[in-house]
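Listed here are the chains, written in short residue letters.
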Amino acid sequence: MTAELACFEAKCRARFAVTDVIYNCPRCGGLLEAVYPDRHVDAAALKRTWRERRLSNAPLDQSGVWRYREAIPFLDGTDRIITLKEGNTPLLEAPGAASYAGLDALTFKHQGFNPTGSFKDNGMTCGVAQALRLGMQRVACVSTGNTSASMAAYASAAGLQPIVFIPHGNISFGKLAQALEYGARTLQVEANFDQILALVRVLAERLGIYLLNSINPFRIEGQKTIIVEMMDQRDWRPPDWIVLPGGNLGNTSAFGKALREMREMGLIGKTPRLAVIQAEGAAPFHELWRSADRAALRAVEHPETLATAIKIGDPVSWPKALFEVLSSNGVVEQVSEQEIADAKAQIGRCGIGCEPASAATLAGIRKLRAAGTMGAGDDVVAVLTGNLLKDPDYIYGYHTDGLTAPGGGKLRSTFGNRPVMAPNDAQRIAELLES
Ligand code: F0G
């Protein structure tokens with residue numbers, strides 16, 4: 001199997017060796033993607049193989065990424081793969097969330113069940129495999145938290161040194177704690193995500209450090225398997241919609257690429273529509289979507305949202321994401337801080353829970369339902385990108401009337417669930433519970 005890097009720009013499409021250490025097209029500056037020019041598959045046989053591997057005890061077969069290795073054949077061997085048994089994330093029915101959004105039924109694919117608690121693990125096992133193949137010793141990323149947690153874990157497991165750059169004071173404590181515990185050199189920079197990314201790109205080149213942000217095409221390959229696994233779990237019946245939050249737009253790029261390739265390989269017969277949801281204060285992609293010509297993304301200079309995972313004003317992957325949303329006949333929507341907070345509490349009430357950015361999905365679905373873009377009977381899968389425990393401060397704030405929106409306004413604790421102080425007295429506690 002031949003694997004190459006290709007420029008994503010339609011007017012360029014220059015090809016490069018899969019082992020070149022490049023993050024943008026050296027000719028035109030466009031984004032890069034992995035391509036497999038001579039891939040031919042027997043779709044039915046592949047589906048059987050993938051299903052059989054679920055019964056296997058071989059480490060790679062137990063990974064929800066590498067089980068589908070024929071969908072991401074960029075390596076020339078499997079000996080350099082470090083797996084923490086990523087992927088394997090469940091589809092969960094959520095009737096309560098469905099009725100909140102105005103749908104008959106709703107399914108969540110919960111990426112928070114990953115080893116470090118977010119969808120980043122799907123991509124990181126691939127990015128780290130490529131780093132090892134290239135003989136790199138240090139890897140780096142700038143992150144709103146989840147990428148750094150994931151990179152720290154996989155790099156340390158692989159014996160590489162992880163270097164993490166985070167916007168000071170702007171990531172949740174759970175995620176920062178993970179980076180520290182997994183042994184990353186952690187630099188808190190006095191700048192926002194977009195500014196730090198520009199900085200890190202210069203540093204990576206100068207110091208020979210391998211960059212594992214979602215601009216890295218091999219991470220995108222890994223994140224494709226979220227969709228492959230979803231379809232496998234649904235016995236290859238594509239839903240009408242796949243809904244996801246949009247930040248740096250790597251996941252949108254990965255999902256769209258997965259869908260296109262799965263159609264080409266004959267694994268699915270129709271393409272679900274992608275619905276990308278952004279937070280109002282950090283919604284440059286939504287702004288682009290609404291613009292007349294959709295020619296160029298205008299960065300939001302000071303992105304603001306309590307959903308810190310998607311607090312990004314200048315998403316690097318927007319050209320890919322725009323192409324994928326258009327290719328899937330998809331949509332882009334934005335939601336308010338209040339809508340995210342209330343949707344998140346509703347997901348919690350289903351016994352499922354997620355981090356704030358993930359809840360943008362349910363808030364977006366509710367809005368798209370109200371506008372008639374989605375029908376009540378539509379088959380919808382929303383991807384919950386991160387675990388509930390990533391950001392406990394936000395949760396406590398919401399339930400105790402303590403959340404303040406970035407602009408200063410107080411958020412309503414619509415579905416609040418305040419803890420109650422109780423005396424050390426059985427009789428009075430009994431009275432309290434009966435009242
Ligand atoms: N949801 C969560 C929980 C995230 O951590 C991120 C991105 C997104 C959604 C958005 O995904 O960037 O592919 O559009 N987090 C990155 C990070 C930026 O550094 O952890 P995207």
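Quantities reported herein were computed from a predicted structural model and do not represent experimental measurements.

Rules behind the numbers
Residues numbered from 1 in each chain as written. Predicted model: local features only at pLDDT ≥ 70, side-chain atom pairs only at ≥ 80, totals over all residues. Heavy atoms only, no water. Helix = DSSP H or I, 4+ residues; strand = E, 2+ residues; numbered from the N terminus. Buried < 20%, exposed > 50% of the residue type's maximum accessible area, 1.4 Å probe, protein only. Polar contact = N/O pair within 3.5 Å; in protein donor to acceptor, adjacent residues only side chain to side chain. Near = heavy atom within 4 Å. Areas by Shrake-Rupley, 256 points an atom, 1.4 Å probe, with all protein chains shown as cover. Pairing = 2+ DSSP bridges. Axes fitted to C-alpha atoms, helices over the stretch in contact; angles between N-to-C directions. Contact = heavy atoms within 4.5 Å. Parallel < 35°, antiparallel > 145°, perpendicular 65-115°, else oblique. Left-handed = near helix turned anticlockwise from the far one by under 90°. Disulfide = S-S within 2.5 Å.

## Digging into the side chain of His110
Moving on, step 1. In this fold, His110 is placed in strand S5 (residues 107–110).
Moving on, step 2. The exposure class of His110 is buried, given its relative accessible area of 2%.
Moving on, step 3. A distance of 2.7 Å separates the side chain of His110 from the backbone oxygen of Gly353, its partner in a polar contact.

## Some words on the site of the ligand
Moving on, step 1. Around the ligand lies a shell of 20 residues, among which Ser143, Gly247, Asn248, Leu249 and Thr385 are the nearest.
Moving on, step 2. Contact between the ligand and Thr385: a nitrogen atom at 2.7 Å from a side-chain N or O atom of the residue.
Moving on, step 3. Considering the ligand on its own, with 470 Å² of exposed area, one finds that the protein chains cover 98% of that surface.
Moving on, step 4. Of all the secondary-structure elements, those providing two or more residues to the shell around the ligand are helix H5 (146–158) and helix H9 (250–264).

## Details of the sheet that holds strand S1 (residues 4–7)
Moving on, step 1. Strand order in the open sheet formed by three strands is S2-S1-S3, and the pairing between neighbours is antiparallel. Strand pairing shows two members of the sheet lacking a second neighbour, strand S2 (15–17) and strand S3 (32–35), which therefore form its edges. Direction aside, neighbouring strands of the sheet carry axes that sit 35° apart on average.
Moving on, step 2. When S1 meets S2, the two strands line up antiparallel, connected through three bridges. Bridge pairing in S2 places Ala6 opposite Arg15.

## A closer look at the sheet that holds strand S12 (residues 331–335)
Moving on, step 1. Taken in spatial order, the six strands line up as S4-S5-S13-S10-S11-S12 in an open sheet, and their pairing is mixed. If you trace the sheet from one side to the other, it starts and ends with strand S4 (91–93) and S12, each paired once. Between one strand axis and the next, the sheet turns by 25° as a mean value, whatever way the strands run.
Moving on, step 2. Of the strand pairs in this sheet, S4 and S5 are connected by three bridges, and their pairing is antiparallel. Each residue of the ladder has a partner; that of Leu91, found in S5, is Lys109.
Moving on, step 3. Along the sheet, helix H8 (residues 217–233) makes contact with S4, S5, strand S10 (241–245) and strand S13 (380–384), crossing S5 at roughly 135°.
Moving on, step 4. Contacting S10, strand S11 (273–279), S12 and S13, helix H13 (residues 356–370) runs over the sheet at an angle of about 105° to S12.

## Comments concerning the packing of helix H4 (residues 120–133) against H5
Moving on, step 1. Taken N-terminus to C-terminus, the directions of H4 and H5 make an angle of 45°; their axes are 9 Å apart at the nearest point. As summarised for this structure, H4 and H5 are arranged oblique, according to the angle between their axes. Crossing handedness for the pair H4 and H5: right-handed. Here H4 contributes Lys120, Asp121, Met124, Thr125, Val128 and Leu132 to the contact with H5, which in turn contributes Asn146, Thr147, Ser150, Met151, Tyr154, Ala155 and Ala158.

## Some thoughts on the state of the cysteines
Moving on, step 1. Summed over the entire model, instances satisfying the criterion amount to zero disulfides.
Moving on, step 2. Here Cys28 stays unpaired: no disulfide links it, and the sulfur of Cys7, its closest cysteine neighbor, is 3.4 Å away.
Moving on, step 3. With no disulfide of its own, Cys126 has Cys141 as its nearest cysteine by sulfur position, at a separation of 16 Å.

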